Amino acid sequence: MDLCDPCQALEQEQLWRFAMKEDNFPLSKYELTKLADKHAPVKSCTVTIHPESPWFNEDIRAAKRQRRKLERQYRKTKLEVHRQIHNQQCNELASLIEAAKCKFYKEALSQATGQKEVFKVANRLFFKQKSLVLPSHVSLEELANRFSSFFSERIRTIRHSLRNSYDSRADQPSNDPSEISFPAFENFKSVTEVEIHKLVSRCPSKTCMLDPLPTWLLKENVDSLLPILTYMVNESLAEGVMPQQLKTGVVTPLIKKKNLDHELLKNYRPVSNLTFISKLIERIAATQFKDHMDSNGLHEVYQSAYRCFHSTETALVKVQNDILMGIDKDGASILILLDLSAAFDTIDHSVLLATLEGRFNVKGVVLKWFKSYISDRKQSVVIQGQMSLSSDLVLGYHKAQFWALCFFTAYTTPLGDIVRSFNLSMHLYADDTQIYVSFKPLDSASTSFTFAAVQECVDCIKIWMTTHWLKLNDDKTELIVFRPQRLRAKLDLPTFSIWHCEITPSSQVRNLGVVFDSSLCMEPHVNGVCRSAYFHIRNIGLIRRYLDEKTTSALVQAKDIPWMKRNGNQSS
């Protein structure tokens, strides 16, 4: 506002006198809107969105202006000397752009810590940012409420189908140990400011819209906030109470695969996010529960999820090695991959607490805190800043990585006892269950006995999951028989059934991102990796001129083995 204008100066004086009245009565909304419309009227304009150029700087901007100025001069005079000066400026601009790109790519990759960060930086360098795909909608608020209703209704539908199956089946005998010979986990240990500082510095800077301040700002001022953070964590763990304000999560629906129909809500998965303080308390509690499991040997031996030195890579190597040794010894092996529907969302809270108390000897304040943590939780769907109505989370929990260790892996530990009771081998990775066994294909008695044991084991697992409110996805369960080429014509492939749903053997299956074929030659998987590797190498070649040898090596190692992405994220 230009105060030299008499009219505007008069309005300023009127505004000042009005605001300084003795009763201090504020301006009305109408008067403020009137003043704003007069001095800053709303104008519409067209904005062209250009591709992101993070390497662009002020030196390049000035060089571009100078190039344009010399171009206009040459067009005006048509002199050879002005043309040469313009060409010289073009070459100088190209050199500045190349130097800026080299510096940007090198710094971006040098600052990336860990394989996951390298993937994010590489995708940003190739301009492959994920775009939000949404169904057709009238408004974002209407779509958010529609997603919220769908996610809640899906869980209720699964629960209803499990209840009907549960009523028609006898209860499965408990697999919990009858005697507990290890100390109880009754109280959490207090944490120090040093431990909180170390944990906060290692946490990602992801911010939830419910956070009172951005995570990056909290981390920059963590020294000043340490006493408050330490007090909040210790009070929650000592009292055995998770504050109600920290038990609300926001859910973002993301399309599962780009080629799926984006109009169907079932093709979206809910990705939840919690406040930073909530995740901080969770990490402390989960770490101490993990220490309790480690010191007493309570982990399922063949559960590889969220454990140090265990990953999808180690799980796959173990399973493949066992199958190959079985083929060498007996002649053939069979592998069944079980699939669960919304596994983390259907966990029953009462069964979970009973499992923690009966199998893992969780007592006292710790059990009280677990109960407080999973009860009275709420969530809202958020789409581009528009939040839906809040809904209760009566089943499952917000799927934080650390709580998958404490809850889901603990919840499904009895599966190992069931499989081993049939003398079969197994390996678990979170909700992915693999059951396998070798047999003699030329011995009809051995083959029949093995197939019958596998069928009975799958039936018992189905009953156990039903009675524990987990839905086994019958039509997505896969079966494959591994045998040498010479035995293919001599072996009749079996057909299993899971409660009226037949499972026929497949020629190849995808197991934790790796394609297994019936001969275990790995040719389909190698072909897929090579195709993806050539694609990524071609993209790297487009910017190779801006990279040094070290930076190029980091990019190739990050993008050349696409199926290792999941391994790098899960192995710690």
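Before any of the text, the structure's been laid out above.
Residues numbered from 1 in each chain as written. Predicted model: local features only at pLDDT ≥ 70, side-chain atom pairs only at ≥ 80, totals over all residues. Heavy atoms only, no water.

Enquirer: Mind showing me how you'd approach a nonpolar patch on the surface here?
Expert: On the surface, a nonpolar cluster with roughly 230 Å² of combined accessible area is contributed by Leu79, Val81 and Ile85. Structurally, isoleucine 85 is set in helix α4 (residues 80–110). Isoleucine 85 sits in the partly exposed class, given a relative accessible area of 35%. (Patch = residues over 30% accessible without salt bridge, like charges linked within 9 Å, V, L, I, M, F, W, Y side chains within 5 Å. Areas by Shrake-Rupley, 256 points an atom, 1.4 Å probe, with all protein chains shown as cover. Salt bridge = Lys/Arg side-chain N within 4 Å of Asp/Glu carboxyl O. Helix = DSSP H or I, 4+ residues; strand = E, 2+ residues; numbered from the N terminus. Buried < 20%, exposed > 50% of the residue type's maximum accessible area, 1.4 Å probe, protein only.)

Enquirer: Looking at this structure, how should I read the packing of helix α12 (residues 349–358) against helix α13 (residues 364–374)?
Expert: Across the interface, α12 lies against α13 with an axial gap of 11 Å and an inter-helix angle of 160 degrees. In terms of their interaxial angle, α12 and α13 are classed as roughly antiparallel. Regarding α12 and α13, the two cross each other, and that crossing is right-handed. Side by side, α12 and α13 meet where His349, Leu352, Leu353, Leu356 and Glu357 of the first sit next to Leu367, Phe370, Lys371 and Ile374 of the second. (Axes fitted to C-alpha atoms, helices over the stretch in contact; angles between N-to-C directions. Parallel < 35°, antiparallel > 145°, perpendicular 65-115°, else oblique. Left-handed = near helix turned anticlockwise from the far one by under 90°. Contact = heavy atoms within 4.5 Å.)

Enquirer: Looking at this structure, how should I read the packing of aromatic side chains?
Expert: Centre-to-centre distance and the angle between the planes together describe a pair of aromatic rings. Scanning the entire structure with this criterion turns up 13 aromatic pairs. With a centroid separation of 5.4 Å and an interplanar angle of 15 degrees, the aromatic rings of tryptophan 369 and tyrosine 373 are classed as stacked. Taken together, the residues tryptophan 369 and tyrosine 373, both in helix α13 and 4 residues apart, mark about one turn of the helix. On the basis of relative accessibility, which here comes to 0%, the residue tyrosine 373 falls in the buried class. Seen in terms of ring centroids, phenylalanine 482 and phenylalanine 516 are 6.3 Å apart; in terms of plane orientation they differ by 70 degrees. Their pairing is edge-to-face. Pair noted here: phenylalanine 482 is in strand β11 (residues 478–482) and phenylalanine 516 is in strand β15 (residues 514–517), with a separation of 34 residues, a long-range link. Exposure class is identical for phenylalanine 482 and phenylalanine 516. Each is buried. Across the ring face of tyrosine 74, the terminal group of lysine 78 is positioned such that the distance to the ring centre comes to 6.0 Å. (Phe/Tyr/Trp six-rings, centres within 6.5 Å; stacked < 30°, edge-to-face > 60°. Lys NZ or Arg CZ within 6 Å of the ring centre and 35° of its normal.)

Enquirer: When you look at unusual backbone geometry in this model, what are you seeing that I'm missing?
Expert: Excluding glycine, residues mostly carry a negative phi; peptide bonds, for their part, are mostly trans. Positioned with a positive phi, aspartate 376 is a non-glycine residue whose angle comes to about 60 degrees. Here aspartate 376 is to be found in the loop between α13 and β5 (377–383). For leucine 512, which is not a glycine, the phi torsion comes out positive at approximately 55 degrees. Topologically, leucine 512 is positioned in the loop between β14 (508–511) and β15. Note on leucine 512: relative accessible area 7%, which makes it buried.

Enquirer: Just checking my understanding: could you explain the nonpolar core for this structure?
Expert: Nonpolar side chains tend toward joint burial in soluble globular proteins. Residues Ile196, Phe289, Ile334, Leu356, Trp369, Phe370 and Ile461 are the most contacted members of the largest nonpolar core, which totals 79 residues. The element contributing the most residues to this core is helix α10 (residues 276–296), with 9 residues. Here phenylalanine 289 is in contact with Phe185, Leu356, Phe360, Val362, Phe370 and Cys406, once residues within four sequence places are set aside. Ranked by size, the runner-up nonpolar core spans 19 residues in total, among them Leu335, Ala430, Tyr436 and Leu512. (Core = buried A, V, L, I, M, F, W, Y, C linked by side-chain atoms within 4.5 Å.)

Enquirer: Could you clarify how one ought to interpret the environment of serine 201 in this entry?
Expert: Mapped onto the elements of the fold, serine 201 is located in helix α7 (residues 193–202). Residue serine 201 is classed as partly exposed on the basis of its relative accessible area of 45%. Sequence separation of serine 201 and glutamate 220 is 19 residues, and the distance between their C-alpha atoms is 9.2 Å. Engagement of the side chain of serine 201 in a polar contact is seen with the backbone oxygen of lysine 198, the distance being 2.7 Å. (Polar contact = N/O pair within 3.5 Å; in protein donor to acceptor, adjacent residues only side chain to side chain.)

Enquirer: Just checking my understanding: could you explain helix α3 (residues 58–77) for this structure?
Expert: Helical periodicity: at 3.6 residues per turn, an α-helix aligns residues three or four positions apart in one direction. An ideal rise of 1.5 Å per residue puts 28 Å on 20 residues; α3 measures up with 29 Å between its terminal C-alpha atoms. Within the span of α3, buried status applies to Ile60, Ala63, Leu70 and Glu71. Looking straight down α3, one finds its buried side chains confined to an arc of 110 degrees; they lie on one side. Among the exposed residues of α3, those oriented more than 90 degrees off its buried face are Glu58, Arg65, Lys69 and Lys76. Those residues of α3 that are buried lie in contact with α4. At the N-terminal end of α3, a side-chain oxygen is found 3.2 Å from the backbone nitrogen of aspartate 59, two or three residues along, and the residue is asparagine 57. (Expected span 1.5 Å × (residues − 1). Arc of directions from axis to C-beta.)

Enquirer: Honestly, the sheet that holds strand β3 (residues 332–338) in this entry has me stumped. Any pointers?
Expert: Within a sheet, neighbouring strands are paired by backbone hydrogen bonds and run either parallel or antiparallel to one another. The strand order across the open sheet formed by 4 strands is β8-β9-β3-β11, and the pairing between neighbours is antiparallel. Strands at the two margins of the open sheet, each flanked by one partner only, are β8 (425–429) and β11. The sheet shows a mean angle of 15 degrees between the axes of neighbouring strands, taken without regard to direction. Relative to β11, β3 runs antiparallel, the two sharing 5 bridges. Note that in β11 the partner of isoleucine 334 across the bridge is valine 481. Strand contacts of helix α15 (residues 414–421): β8 and β9 (432–439), with the helix running at about 160 degrees to β8, the strand carrying the most contacts. Helix α16 (residues 444–467) rests against β3 and β9 of the sheet, and its axis sits at about 165 degrees to β9. (Pairing = 2+ DSSP bridges.)

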